[in-house]
Amino acid sequence: LSGPDSRRCVNCHTFVNNNPDTMCLHVRGSKDGAAMIVTRDGRAAKIDTRTRFNRAPAAYTAWHPSGRLAAFASIEVVQFHHSVGNSRDVFVFDSDLGIYFVDSADIRSTPAIADPDRLETFPAWSPDGKYLYLSSTPRLWEKGLKAKSTLPLNFRKARYDLMRINYERT
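Residues numbered from 1 in each chain as written. Predicted model: local features only at pLDDT ≥ 70, side-chain atom pairs only at ≥ 80, totals over all residues. Heavy atoms only, no water.

Okay, the sheet that holds strand β7 (residues 88-101) next. With antiparallel pairing, four strands are arranged side by side in an open sheet as β5-β6-β7-β8. With partners counted over all chains shown, the strands left at the sheet margins are β5 (58-63) and β8 (106-108), one partner each. Put simply, the sheet's adjacent strands are angled 40° from each other on average, direction ignored. In terms of strand pairing, strand β6 (residues 69-81) meets β7 through 13 bridges, oriented antiparallel. (Pairing = 2+ DSSP bridges. Helix = DSSP H or I, 4+ residues; strand = E, 2+ residues; numbered from the N terminus. Axes fitted to C-alpha atoms, helices over the stretch in contact; angles between N-to-C directions.)

Next up, the structure:
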């Protein structure tokens, strides 16, 4: 590809129980090019994880130990650089979690992992699959602030909490 569509990020790849037979890979870039690529049973599928509640593409996926669902962060993020030390960093303007159900190709969420007054990210499942862990912080800036904006003045005041959510299999 050439032109603006060639500026994409291919990253955030995860495997179910470290087995390469089932995995996902995130593609970020243009609005039409953002997707989660899921491979399972020798087939690949392009999944649009954006919903009417969160239009940002997925990242930071964590597979449930069963391999039948995956939690992901739907984030609006911008990269920036510090003037000293390890200069590359990211800032999250908006973030919620969603759950991708592999068998039905359905994406769902709940206020426990997508609270409009908080930013949720970095999901991780307990080894037995009974709990979903995540990082969450109160939203300190106006919702709808876009990644093309300058960083909010209070961005350094964000402090994330480690949260645990009970997961009951259905």
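Moving on: the sheet that holds strand β11 (residues 161-166). Here three strands make up an open sheet; going across it, the order is β9-β10-β11 and the pairing antiparallel. Each having just a single partner strand, β9 (118-125) and β11 make up the two edges of the open sheet. Averaged over all neighbouring strand pairs, the angle between strand axes comes to 30°, with direction disregarded. As paired strands, strand β10 (residues 131-138) and β11 are joined by six bridges and run antiparallel to one another. Counted as the bridge partner of L132 is I165 from β11.

It is worth spelling out the pairing of β10 at this point. Summarising the sheet, β9 and β10 pair through six bridges and their orientation is antiparallel. Bridge pairing in β10 links L119 to T137. Connecting β9 to the antiparallel partner β10 that follows it, the hairpin turn spans five residues, and G129 within it adopts a positive phi of roughly 75°.

A word on the pattern of salt bridges. Taken as a whole and judged by the stated rule, the model has five salt bridges. For the salt bridge of R68 with D103, the shortest nitrogen-to-oxygen distance reads 2.5 Å. Remark: D103 occurs in the loop between β7 and β8 and R68 occurs in the loop between β5 and β6; sequence separation between them is 35 residues. Residue classification places D103 among the partly exposed residues on the basis of a relative accessible area of 49%. (Salt bridge = Lys/Arg side-chain N within 4 Å of Asp/Glu carboxyl O. Buried < 20%, exposed > 50% of the residue type's maximum accessible area, 1.4 Å probe, protein only.)

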